[in-house]
Amino acid sequence: MTTYHLDLGDDRAEALGSVTKLTLVGSELDLDALLTTGVKAPVPLWGDVLLTRGEERHEATTTWVEDVENTSTHQDVVLIAGDPADPTSRRVRLADAWASTTYHLDEDDDPDAFVISFKDITIEK
């Protein structure tokens, strides 16, 4: 399984425990498989993804997730597959993303898990 990091920009990246339940336009997909096939669509592919936080927490991630009701927290975020310092690591840009109001959806199973929603997804090379 690939190691992922959530990058909020400005050197605000956090290693994630897992990235699961990627859903694009209502269909669940495997992110690792999507990295190899890419994403091509004539329209934006909106969706959401379940992220589980790792051992080390970045304060910016905590603030962003907890401020779920604030619509000004919408921003582009990047999921980095592998080492953030490695320029060859694949990057998944989630456009206009936000911590979803359903971010506690998985709280009974894992209180460290949260959902982010986004308006489009692209794989950067």
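Residues numbered from 1 in each chain as written. Predicted model: local features only at pLDDT ≥ 70, side-chain atom pairs only at ≥ 80, totals over all residues. Heavy atoms only, no water.

## A look at the side chain of Ser 89
Stage number 1. Within the secondary structure, Ser 89 sits in the loop between β5 (75-81) and β6 (90-99).
Stage number 2. There is a polar contact of 2.8 Å between the side chain of Ser 89 and the backbone oxygen of Asp 83.
Stage number 3. Contacts of Ser 89, omitting those with residues within four sequence positions, involve Ile 80, Ala 81, Gly 82 and Asp 83. (Helix = DSSP H or I, 4+ residues; strand = E, 2+ residues; numbered from the N terminus. Polar contact = N/O pair within 3.5 Å; in protein donor to acceptor, adjacent residues only side chain to side chain. Contact = heavy atoms within 4.5 Å.)

## Let's talk about the environment of Thr 61
Stage number 1. Inspection of the secondary structure puts Thr 61 in helix α2 (residues 59-66).
Stage number 2. Residues Thr 61 and Glu 14, spaced 47 residues apart in sequence, show a C-alpha to C-alpha distance of 7.4 Å.
Stage number 3. In this structure, Thr 61 is in contact with Leu 6, Leu 8, Glu 14, Arg 53 and Phe 114, ignoring residues within four places of it in sequence.

## Re the confidence of the model for the protein
Low pLDDT marks regions whose predicted coordinates should not be analysed in detail.
Stage number 1. Residue-level pLDDT values for the protein average 85, and 87% of them are 70 or greater.
Stage number 2. Put simply, α2 is where the protein has its lowest mean pLDDT, 84, and strand β1 (residues 4-7) is where it has its highest, 94. (pLDDT = per-residue confidence, 0-100.)

## So, the environment of Gly 47
Stage number 1. Structurally, the position occupied by Gly 47 is in strand β4 (residues 47-53).
Stage number 2. Taking relative accessible area as the criterion, Gly 47 reaches 9% and is therefore assigned buried.
Stage number 3. C-alpha separation for the pair Gly 47 and Asp 120, spaced 73 residues apart in sequence, amounts to 7.4 Å.
Stage number 4. If near-sequence neighbours (up to four positions away) are discounted, Gly 47 is found in contact with Thr 23, Leu 24, Ile 116, Ser 117 and Phe 118. (Buried < 20%, exposed > 50% of the residue type's maximum accessible area, 1.4 Å probe, protein only.)

## What about the side chain of Arg 53?
Stage number 1. Within the secondary structure, Arg 53 sits in strand β4.
Stage number 2. A distance of 2.9 Å separates a polar atom in the side chain of Arg 53 from a polar atom in the side chain of Thr 62.
Stage number 3. Apart from residues no more than four positions distant in its own chain, Arg 53 is found in contact with Glu 14, Leu 16, Gly 17, His 58, Thr 61, Thr 62, Asp 112 and Phe 114.

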